[in-house]
Amino acid sequence: MEKQMLRATLEAFRQRNELKVCRQEVDLTYELGAVLKHYRNEVPILFEKVKGHRMPVAGALFGERQAYYDMMKMTPKNRLFKMMAAVASPQPVKHVTKAPVKEEIITTGIHLEKMFPIPKFHEQDSSTYITSGIVALKDPDTGKTHLSVRRLQVNGAREVSVLVASPLARQQYAQLEAQNKPLEIAIILGYDHSLLLASQISSQLYGVDKYEVDSALRGEALELVSCHQIDLSVPAHAEIVLEGVMPPRKRKPEGPFGELMGYYGGVGDHPVAEIKTVLQRKKPIFQTAFPCREEHLSNGLIREMELYQAVKNVAGVADVNVTVAGGCRFHAVVSLHEAKPGEAKSAILAALGSNKDLKQVIIVDDDINIYDPEDVELAVATRFQASRDLVVIPEAVGSGLDPSNGIRGVSDKMGIDATAPSGEMRQKFHRAIIPGYEKLDIGRYFPEEK
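Cut-offs and rules
- For every chain, the first residue of its written sequence is number 1, and the numbers climb from 1 along that sequence.
- It should be noted that, the model being predicted, local features are given only for residues of pLDDT at least 70 and side-chain atom pairs only at 80 or more, the latter also being counted only at that level, while totals for whole chains, interfaces and linings use all residues.
- Only heavy atoms go into the side-chain values, all of them from the structure, while hydrogens and water stay out.
- The term salt bridge refers to a pairing of a side-chain nitrogen on Lys or Arg with a carboxyl oxygen on Asp or Glu at a separation within 4 Å.
- Secondary structure elements follow DSSP: runs of H or I of four or more residues count as helices, runs of E of two or more count as strands, with numbering from the N terminus.
- Whether a residue is buried, partly exposed or exposed follows from its accessible area with a 1.4 Å probe, protein chains only, as a fraction of its type maximum: under 20%, in between, or over 50%, in that order.
- To get an axis, a line is fitted to the C-alpha atoms, and for a helix only the part in contact is used. The angle between two axes follows their N-to-C directions and goes from 0 to 180 degrees.
- Angle categories are assigned with fixed cut-offs, so that under 35 degrees is roughly parallel, over 145 is roughly antiparallel, 65 to 115 is roughly perpendicular, and the rest are oblique.
- Should the near helix be turned anticlockwise from the far one by less than a right angle, the crossing is termed left-handed; should it be turned clockwise, right-handed.
- Throughout, a residue-residue contact means that at least one pair of heavy atoms, one from each residue, lies within 4.5 Å.
- Ten residues, namely Ala, Val, Leu, Ile, Met, Phe, Trp, Tyr, Cys and Pro, are considered nonpolar, four, namely Asp, Glu, Lys and Arg, are considered charged, and the remaining ones, Gly among them, are considered polar.
- Asp and Glu count as negative and Lys and Arg as positive, but His and the ends of the chain are not part of the count.
- What qualifies as a polar contact is a pair of N or O atoms within 3.5 Å, subject to a donor-acceptor requirement within protein and to the restriction that residues adjacent in sequence count only when both atoms come from side chains.

Asker: Before we go on, may I ask you to explain the pattern of salt bridges in this structure?
Answerer: Where charged atoms of side chains with opposite charge meet at close range, the side chains can pair. Throughout the structure, instances matching the rule amount to 32 salt bridges. The partner of E259 in a salt bridge is R151, with the nearest N and O atoms 2.7 Å apart. Remark: R151 occurs in the loop between β8 (145-149) and β9 (152-156) and E259 occurs in the loop between β16 (257-258) and β17 (264-265); sequence separation between them is 108 residues. Its relative accessible area of 12% is what places E259 among the buried residues. When its relative accessible area of 10% is taken as the criterion, R151 is described as buried. Linked by salt bridges that have partners in common, E159, K250, K252, E274 and K276 make up one network.

Asker: Looking at this structure, how should I read the packing of helix α9 (residues 294-312) against helix α10 (residues 343-354)?
Answerer: For any two helices packed against each other, the geometry comes down to the angle between their axes and how far apart the axes lie. Packing of α9 against α10 leaves a shortest axis separation of 8 Å and a crossing angle of 140°. Our classification of the angle between α9 and α10 gives oblique. Crossing angle aside, the handedness with which α9 passes α10 is right-handed. Contact residues: α9 offers L307, A310 and V311, while α10 offers A347, A350, A351 and S354. Classifying every residue of the contact of α9 with α10 gives six nonpolar, one polar and no charged.

Asker: Please explain the side chain of D139 as it appears in this structure.
Answerer: Within the secondary structure, D139 is located in the loop between β7 (134-138) and β8. Despite its burial, D139 remains without a salt bridge, the nearest opposite charge being carried by K144 at 10 Å. Polar contacts involving the side chain of D139 include one to the main-chain amide nitrogen of D141, which spans 2.8 Å. Here D139 is in contact with K144, L168 and Q172, once residues within four sequence places are set aside.

Asker: Can you help me understand the packing of helix α4 (residues 79-88) against helix α8 (residues 210-218) in this one?
Answerer: For the pair α4 and α8, interaxial distance at closest approach is 8 Å and the crossing angle is 140°. It follows that α4 is oblique to α8 by the angle criterion. Handedness of the crossing formed by α4 with α8: right-handed. Judged by residue contacts, K82, M83, A86 and V87 of α4 engage V213, A216 and L217 from α8.

Here is the structure:
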């Protein structure tokens, strides 16, 4: 029985009766993506019949917060500390010589769109896109492996455009380009929650090997195997690996593409990767993700860890939530243990300074459920006065993924102090409760609700 990567994840979903299996044939152009979106990209689906292909497709595997907790044996309370411990104390990987992902090694006749069921999601998308590919590359200075999820526009039989966004990847490509040398990359498909979460650790943490962070997160050594033609290692139990090189000074137009927050990203000239080898299982499952939801949730979980670390230096933090509705990067809610005078304002400043993407943070007390938008709105409605509790920072550095930021290149930041006052006045804000409500078994009264 598989313990790592996609097949282990699918089996775990099956065991919990959480995997939907679609046996109706779906078209890769719009239809498959429409089905994923219908379920808000939160319900894992295995499409057994895809028009024009025999290969099944798995999607929406990583779009729901509770799945991360269940798959990685975390809880809402200990998740931040488990992630911080994995970054602080990475664990060794295990290198193997034989691996399922190398059951088939293909070097000739590669044609990506004929070999793999690659979807087209939106009306104005420039091409089909590989949306769930984890791109692996090696830091030439440290020898450590860097991982990141990149969108990959299919340009032709064996070429994809690579949206190079991380500072480390940009730096490496620029350095090799100056030497007229190519950058080797491996594109990994068919992974699990642990590898995806590890891939979202900031590339600016010098010397961190994301494979070793993955080993720490999963509680056992990640099994790796060497690539066929390039000097990289990849997960042994992945479904598909595309080995490639990014040649120097070769760029092609990329986009538009339905991006973050449901807007189209613009057109730009980006580097390309030439695929030299395909590694795959004998009967691989293709992995896809509806654009900018699944990997962004994992990124949001890592941002929560960073946000918690930043705010705890100035205030007593109970929990943090980088919200899905805010793109898992623009909006956050922070709860504090009975805030002392000035702590909420300090928490706002620390939060907004923790990441350039964050535009809005709401600070609440720990009696507010920060994962319930209605409860957060209640705090704002009853504990916030704009004349004294609003903090606005105009024209700061923002995210290029924010359409409003792109107009002028800067972003206004806002903090809302929605905490109750300290001292005797706090008594006015005690929540009315029903003793025993949280233990209510509604099935006793309405059996059909069970």
